[in-house]
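# Coordinate inspection notes
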Amino acid sequence: MNQEERESKIDAILGGLRDRTEFPDVPIHLWITGAERGKPGEPDFEEWMKICTQMVDAYRRDTGRRDTDSSFAIFVRTYGRREYEK
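So, here's what we can say about the structure.

## Here's the deal with the side chain of Thr53
For Thr53, the location among the structural elements is in helix H3 (residues 43-63). Setting aside residues no more than four positions away along its own chain, Thr53 makes contact with Val76, Arg81, Arg82 and Tyr84.

## Remarks on the nonpolar core
Formed by 17 residues in total, the largest nonpolar core has its most connected members in Val26, Trp31, Trp48, Cys52, Phe72 and Phe75. At the level of secondary structure, the elements contributing two or more residues to this core comprise helix H2 (28-36), H3 and helix H4 (71-79). Top contributing element to this core by residue count: H3, with 7 residues. Sequence-distant contacts of Cys52, defined by excluding residues within four places in its chain, comprise Phe72, Phe75 and Val76.

## A short note on the packing of aromatic side chains
What characterises a pair of aromatic rings is the spacing of the ring centres plus the angle enclosed by the ring planes. Applying the stated criterion across every chain yields a total of 7 aromatic pairs. Centroid distance Trp48 to Phe72: 5.8 Å. Interplanar angle 40°. Geometry classified as tilted. Residue Trp48 is found in helix H3, and its partner Phe72 is found in helix H4; the two are separated by 24 residues along the sequence. The exposure class of Trp48 is buried, given its relative accessible area of 0%. Between Trp48 and Phe75, the aromatic rings sit 5.6 Å apart at their centres with planes inclined by 85°, giving edge-to-face as the arrangement. Pair noted here: Trp48 is in helix H3 and Phe75 is in helix H4, with a separation of 27 residues, a long-range link. Of the two residues examined, Trp48 and Phe75, each falls in the buried class. Taken together through their ring pairs, the aromatic side chains of Trp31, Phe45, Trp48, Phe72, Phe75 and Tyr79 make up a single cluster.

## Quick look at the pattern of salt bridges
Summed over the entire model, instances satisfying the criterion amount to 2 salt bridges. The closest approach of N and O atoms between Glu46 and Arg82, which form a salt bridge, is 2.6 Å. Here Glu46 is found in helix H3, whereas its partner Arg82 is found in the segment after H4, with 36 residues between them in sequence. The partly exposed category is assigned to Glu46, whose relative accessible area is 22%. Take Arg82: its relative accessible area is 16%, and that puts it in the buried class. The residue Arg81 makes a salt bridge to Asp57 at a minimum N-O spacing of 2.9 Å. Here Arg81, found in the segment after H4, pairs with Asp57, found in helix H3; they are 24 residues apart in sequence, far enough to count as distant.

So, how was this worked out
- Residues numbered from 1 in each chain as written.
- Predicted model: local features only at pLDDT ≥ 70, side-chain atom pairs only at ≥ 80, totals over all residues.
- Heavy atoms only, no water.
- Helix = DSSP H or I, 4+ residues; strand = E, 2+ residues; numbered from the N terminus.
- Contact = heavy atoms within 4.5 Å.
- Core = buried A, V, L, I, M, F, W, Y, C linked by side-chain atoms within 4.5 Å.
- Buried < 20%, exposed > 50% of the residue type's maximum accessible area, 1.4 Å probe, protein only.
- Phe/Tyr/Trp six-rings, centres within 6.5 Å; stacked < 30°, edge-to-face > 60°.
- Salt bridge = Lys/Arg side-chain N within 4 Å of Asp/Glu carboxyl O.

Structure, rendered in structure tokens:
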């Protein structure tokens, strides 16, 4: 799968989340540079972790339940929460 196909699939997945006002937009490049290749301390990884924290918090506000299964929750559980502007 090439870069363009990956970005298209990621965009399709995020399309459903964008309808919810509390969920932040996730720049597609962060899925690749932050999530797949990033390491703690790198700027893209740290930005990715802020978005993961926001997504987990938004899920809780939206559903009233803790997110424990999503990719975002796994990153937060593994690497810890990151502060973001609310």
